[in-house]
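Close look at the chain arrangement
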Amino acid sequence: MKQLVILGATGSIGCSTLSVVAAHPDKFQVLALTASTAVDKLFEQCLAVKPRYAAMQDSKAAAELKFRLQQAGLTTEVLSGTAGLTVLAAHPDADIVMAAIVGAAGLLPTLAAVEAGKKVLLANKEALVMSGGLFMAKVAQHGATLLPIDSEHNAIFQCLPPALQQAASQGQLAEHGISRLLLTGSGGPFLTRPLDSFAAITPAEAVAHPNWSMGQKISVDSATMMNKGLEFIEARWLFNCVPQDIQVVIHPQSIIHSMVQYSDGSVLAQLGQPDMRTPIAHALAYPQRISSPVPALDFSKLAAFTFTEPEPARYPNLYLAIDACAAGQGATTALNAANEEAVAAFLQGQLAFNRISEVNQRCLTEFAHYDAQCLDAILEVDQQSRAFARALIGKF
């Protein structure tokens, strides 16, 4: 029986993880659940799985959760703040940590799990985008196991030779006959929308993804393809490669989740329904396999597969992320921070959709040269870029 901590339990990844775990009560037990402010949802989850611990990032939310759990007769211990999340991420009884907190807030708890040598299922892109070199060095130093949850990185991982799977962050792709990693993306809801109408895009339109059910922030990132840009940066660290080893391909059907191209001309692809419970089930049980609640593909009913190259004018955020990946850690940290601020402003009606990339570009230009190799420097660049982005947004 593996003991599981879910960081970000109330989000889409957290809920999908609980769905997979519920199908295997003989294999997994939930040790702890965490959330930011969603008291109602976390309370419901605690009632269902009765974890030993729960934590809320917000102290007032933690106090309310504690009161409601006591009223319900549960003995779940409630912690609060980043310190509380960090304690649970590194808990001695935890075997597996699902790192699913959205955004930069997930960095410190995820690092704590790595430093405790846990099996970390990484759904938080920002941990690698903000601190890739530092993060991967700590994985090696502390003997942690790092398994990707993003459908694209999980697909690539499954298509690697077994020997490279065991050392994906340290091996050399070329030594295993790999010539390129092909990251697929749907293109989001605006794949064919006229570019001259982008200024009028509403938050409701941007979060309406044609294939995936996701949270608001990641849905907007999918619409701008910043999501794919962050995955590009993440892949660079996960698979120990350089930007030239990675190609982004638009695949609107979201059935092929990514591919690995080999030097002999072969291409291995991982296919599945657009449902995050498939990569979650894979990573929870790795190197074994378990069932997931996801229906199997019926190839007799699949539409034709199509592929295209992403247009720079349609998806400037993708190409900003690729540029940042080549520039270095300060650039990727600054870009991620700026994008979080810009997307939040867009969702609140304070920034036009087509301005998101402008904010990101100006922050990247401002901070691309910054060196950010230690944790303090990374957090400083993050905060400076956020302040710069907020000031820009206030002028629009």
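Conventions and cut-offs
Residues numbered from 1 in each chain as written. Predicted model: local features only at pLDDT ≥ 70, side-chain atom pairs only at ≥ 80, totals over all residues. Heavy atoms only, no water. Pairing = 2+ DSSP bridges. Helix = DSSP H or I, 4+ residues; strand = E, 2+ residues; numbered from the N terminus. Right-handed = clockwise from strand over helix to strand, strands pointing away. Domains from an automatic or database assignment. Contact = heavy atoms within 4.5 Å. Buried area = accessible area lost by both parts, 1.4 Å probe. Axes fitted to C-alpha atoms, helices over the stretch in contact; angles between N-to-C directions. Phe/Tyr/Trp six-rings, centres within 6.5 Å; stacked < 30°, edge-to-face > 60°. Buried < 20%, exposed > 50% of the residue type's maximum accessible area, 1.4 Å probe, protein only. Salt bridge = Lys/Arg side-chain N within 4 Å of Asp/Glu carboxyl O.

1. Overview of the pairing of strand 4 (residues 77–80)
In terms of strand pairing, strand 3 (residues 53–56) meets strand 4 through four bridges, oriented parallel. Looking across to strand 4, one finds that Y53 is bridged to E77. Each parallel crossover has a hand, and for strand 3 linked through helix 3 (residues 59–71) to strand 4 it is right-handed.

2. Things to note about the domain arrangement of the protein chain
Considered domain by domain, the protein chain is made up of domain 1 (2–148) and domain 2 (162–273 + 297–394). Computed over C-alpha atoms only, the centres of domain 1 and domain 2 are separated by 24 Å. Taken together, the contact between domain 1 and domain 2 spans 21 residues of the former and 26 residues of the latter. Across the domain 1/domain 2 interface, buried area totals approximately 1800 Å², and carbon plus sulfur atoms make up 70% of it.

3. Describing the sheet that holds strand 10 (residues 256–262)
As summarised here, the arrangement of the four strands in space is 9-8-10-11, forming an open sheet in which the pairing is mixed. Of all the strands in the sheet, the pair left with one neighbour each is strand 9 (246–250) and strand 11 (267–271). Taken over all neighbouring pairs, the strand axes of this sheet differ in orientation by 20° on average, direction set aside. Alignment of strand 8 (residues 178–185) against strand 9, held across five bridges, turns out to be parallel. Each residue of the ladder has a partner; that of L182, found in strand 9, is Q247.

4. A word on the packing of aromatic side chains
Using the criterion set out here, one finds seven aromatic pairs in the structure. Plain terms: the ring middles of F198 and F353 are 5.8 Å apart, the flat faces sit at 75° to each other, and that makes the pair edge-to-face. Of the two residues, F198 is situated in the loop between strand 8 and helix 9 (203–206) and F353 in the loop between helix 14 (329–347) and helix 15 (356–367); the sequence distance between them amounts to 155 residues. Here F198 matches F353 in class, with each residue buried. Between F367 and Y370, the aromatic rings sit 5.1 Å apart at their centres with planes inclined by 70°, giving edge-to-face as the arrangement.

5. Description of the pattern of salt bridges
Scanning all chains against the criterion turns up 21 salt bridges. We note a salt bridge from E64 to R68, for which the minimum N-O separation is 3.4 Å. Of the two residues, E64 and R68 are both situated in helix 3; the distance of four residues between them amounts to about one turn of the helix. With a closest N to O distance of 4.0 Å, R362 and E358 form a salt bridge. In this pair, R362 and E358 are both assigned in helix 15, four residues apart and thus about one turn of the helix distant. Connected via shared salt-bridge partners are K125, D150, E152, K228 and E231.

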